[in-house]
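So the chains spell out like this:
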Amino acid sequence: MDYKRVLTIQDISCMGQCSLTVALPIISACGVETVILPSAVLSTHTAGFKGFTCRDLTEDIPAIVDHWQREGIRFDAFYTGYLGSAKQIDYVKDIFATLGRGDYLKIVDPAMADNGKLYPAFDQGYVEKMKELCAAADIVVPNITEACYMTGNEYRTVYDREYVRRLCIGLQTLGAKKVVLTGVSYASGRTGVMVADGDGETYYEHEFLPNSCHGTGDVYASVFVGALMRGRDIVSAARIAADFTVACIRYTAGDVEHWYGVKFEPLLGDLGKNF
Ligand code: PXL
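Residues numbered from 1 in each chain as written. Predicted model: local features only at pLDDT ≥ 70, side-chain atom pairs only at ≥ 80, totals over all residues. Heavy atoms only, no water.

Overview of unusual backbone geometry
Outside of glycine, negative phi angles account for most residues, and trans bonds account for most peptide bonds.
Reasoning step 1: Within the chain, Gln17 stands out as a residue other than glycine whose phi angle is a positive 50°.
Reasoning step 2: Within the secondary structure layout, Gln17 lies in the loop between strand S1 (5–15) and helix H1 (20–29).
Reasoning step 3: Positive phi, normally seen in glycine, also occurs at Ser19, with a value near 40°.
Reasoning step 4: By the element assignment, Ser19 lies in the loop between S1 and H1. (Helix = DSSP H or I, 4+ residues; strand = E, 2+ residues; numbered from the N terminus.)

Focus: the site of the ligand
Reasoning step 1: Around the ligand, the structure places Asp11, Ser13, Cys18, Ser19, Leu42, His45, Thr46, Ala47, Tyr82, Tyr119, His214 and Asp218.
Reasoning step 2: Contact between the ligand and Thr46: an oxygen atom at 2.6 Å from a side-chain N or O atom of the residue.
Reasoning step 3: Asp218 places a side-chain nitrogen or oxygen 2.7 Å from an oxygen atom of the ligand.
Reasoning step 4: Protein contacts shield 98% of the accessible area of the ligand, which totals 320 Å² for the unbound molecule.
Reasoning step 5: Class assignment for the residues of the shell around the ligand results in five nonpolar, five polar and two charged. (Near = heavy atom within 4 Å. Polar contact = N/O pair within 3.5 Å; in protein donor to acceptor, adjacent residues only side chain to side chain. Areas by Shrake-Rupley, 256 points an atom, 1.4 Å probe, with all protein chains shown as cover. Nonpolar A, V, L, I, M, F, W, Y, C, P; charged D, E, K, R; others polar.)

The structure is reproduced here in structure tokens:
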């Protein structure tokens, strides 16, 4: 087997089933070596818990990267999610430019917004910086809100294919080679992902489950990265990721205590069977 090594750069939310605590187990379950670079350590994620702590790790990154350089450590892919600061984005761009091997892939989930709003830690300055990172990416995996912030389109909850095409073209005009836009819904009870890969667009539609869960974007992007690394093409990877995410949301439905994340762990064994 072709053994791939991914570097994922995002925060550790100690509690909350998102970012690294999701990416590490999921990409590993896909059979891919997963190296982590924590952007920050938070006691919980920022979407619903009150009074969380946050230690930004931006200043630790250069020494870590220097060490990896000295050791000759290289990666087949980079996958970034929630980052700690705008300055960190410059470090991440350097990492993209220096630590890849072979035809390495750069996958950016611009995790900074949802439901029409930026997450509490971010502002327009961060959006501008994230546009730079997306410009350097092979594949970006935004939701509709993030795509709107980065392309200057107004956020809508009801839209047509033309609107979605505008978002994808806007992201590609920034410089992102391929776009996997999540949460694209044209009919009630249905949602899906739009893959714009430069040659055309492919829409994969699936069931919409009303219990919206935090962290589903991270579950989605992690499976997508794992599937790509296991040799799936972009449309197949987008489909496997969507099916797994829906299964996790369904598994979590009905547990009101579990508002902060998706219960993905019992389904990891099934995920591994895809590969
Ligand atoms: O799931 C995205 C995410 C990741 N990390 C932190 C977050 C969020 C979303 O709110 O707060 C710290």
